[in-house]
Amino acid sequence: MGMIDKKEIRKMLVRTERARKSVLQPYFAEIGLPLGQGHVRILESLLAADHITQKELADRCHVDVTTMSRSLDRLEEAGFLERRRDPGNRRSFLVCLTQSGVEEAHKVLEILAELDERICRDFDDAQMDQLYRSLEKICRNLES
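Nothing here was measured: the structure is a model prediction, and the numbers come from that model.

**Q** I would appreciate a short explanation of the sheet that holds strand β1 (residues 52–53) in the present structure.
**A** Whenever strands of a sheet pair, they do so through backbone hydrogen bonds, lying parallel or antiparallel. Overall, antiparallel pairing links the three strands, which are arranged β1-β3-β2 in an open sheet. The open sheet has two free edges, formed respectively by β1 and β2 (81–86), since each of these has just one partner strand. The pairing of β1 with strand β3 (residues 89–97) spans two bridges and is antiparallel. Each residue of the ladder has a partner; that of Ile52, found in β3, is Val95.

In structure tokens, the structure reads:
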């Protein structure tokens, strides 16, 4: 392929993200979840660890607490989660999935598993490992 201009890497990352969103959008629209508001990550995180504080959840999802608060309000209105007083701290609330939230989170995981399979199609283990290490290096470069 020859020498690739650095800006082509950036363009390919943008194109990849656009393609990822266009694949996910119809699936999430079908189950009533808007894409890009953190709802998917929140449900996925709560399924892994329920009954956690809003701050812990924001840290796990890599969003600020204010953004998290707005997303939690929407998910609470939709009936997917509830905030309960933390018995160990009267000023704090724990975020908990409702039964319909658990069901929704499982649908999300199924959609993400299908996406993972689609993304990784035609990659062997060595290519997957190299891709992961390259993306990890890009993240470190951007985060430093």
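After that view of the structure, there is still more to cover.
**Q** Got a minute to help me understand unusual backbone geometry in this structure?
**A** For residues other than glycine, phi is negative in most cases, and the peptide bonds are mostly trans. Its identity is not glycine, yet His51 carries a phi of approximately 60°, on the positive side. Along the polypeptide, His51 turns up in the loop between α2 (39–48) and β1. In this structure, Asp122 is a non-glycine residue whose phi angle is positive, near 70°. With respect to the helices, strands and loops of the structure, Asp122 is situated in the loop between α5 (99–120) and α6 (125–143). By relative accessible area, which is 74% here, Asp122 ends up exposed.

**Q** It is not clear to me how helix α1 (residues 6–30) should be interpreted in this structure. Could you clarify?
**A** Every α-helix winds through 3.6 residues per turn, so residues three or four apart in the chain are directed the same way. If you check α1, its first and last C-alpha atoms are 38 Å apart, about what 25 residues at 1.5 Å a residue would give, namely 36 Å. At Leu24, α1 is deflected by roughly 30°, the largest bend along its length, and proline Pro26 occurs up to four residues later in sequence. Within the sequence span of α1, burial applies to Val23, Leu24 and Phe28. In this structure, the buried residues of α1 make contact with α2 and α5. Measuring from the backbone nitrogen of Lys7 back to the side-chain oxygen at the start of α1 gives 3.0 Å, which picks out Asp5 as the cap. Downstream of α1 by one or two residues, Gly32 has phi in the positive range, about 85°.

**Q** For this particular structure, what's the right way to read the packing of α1 against α5?
**A** Each pair of packed helices can be described by the angle between their axes along with the distance between the axes. In the contact formed by α1 and α5, the axes pass within 11 Å of each other and the chain directions differ by 150°. What the angle tells us is that α1 and α5 run roughly antiparallel. In terms of crossing hand, the pair formed by α1 and α5 is right-handed. Seen from α1, the contacting residues are Arg20, Val23, Leu24, Tyr27 and Phe28; seen from α5, they are Val108, Ile111, Leu112, Glu114, Leu115 and Arg118. For the contact of α1 with α5, the residue count by class is eight nonpolar, no polar and three charged.

**Q** What is the right way to read the pairing of β2 from this model?
**A** Looking down a regular strand, the side chains alternate between one sheet face and the other. Examined bridge by bridge, β2 and β3 share six bridges and lie antiparallel to one another. Considered in β3, the bridge of Asp86 is made with Asn89.

Parameters at a glance
- Residues numbered from 1 in each chain as written.
- Predicted model: local features only at pLDDT ≥ 70, side-chain atom pairs only at ≥ 80, totals over all residues.
- Heavy atoms only, no water.
- Pairing = 2+ DSSP bridges.
- Helix = DSSP H or I, 4+ residues; strand = E, 2+ residues; numbered from the N terminus.
- Buried < 20%, exposed > 50% of the residue type's maximum accessible area, 1.4 Å probe, protein only.
- Expected span 1.5 Å × (residues − 1).
- Bend = angle between axes of the 7 residues up to and from the residue.
- Contact = heavy atoms within 4.5 Å.
- Polar contact = N/O pair within 3.5 Å; in protein donor to acceptor, adjacent residues only side chain to side chain.
- Axes fitted to C-alpha atoms, helices over the stretch in contact; angles between N-to-C directions.
- Parallel < 35°, antiparallel > 145°, perpendicular 65-115°, else oblique.
- Left-handed = near helix turned anticlockwise from the far one by under 90°.
- Nonpolar A, V, L, I, M, F, W, Y, C, P; charged D, E, K, R; others polar.

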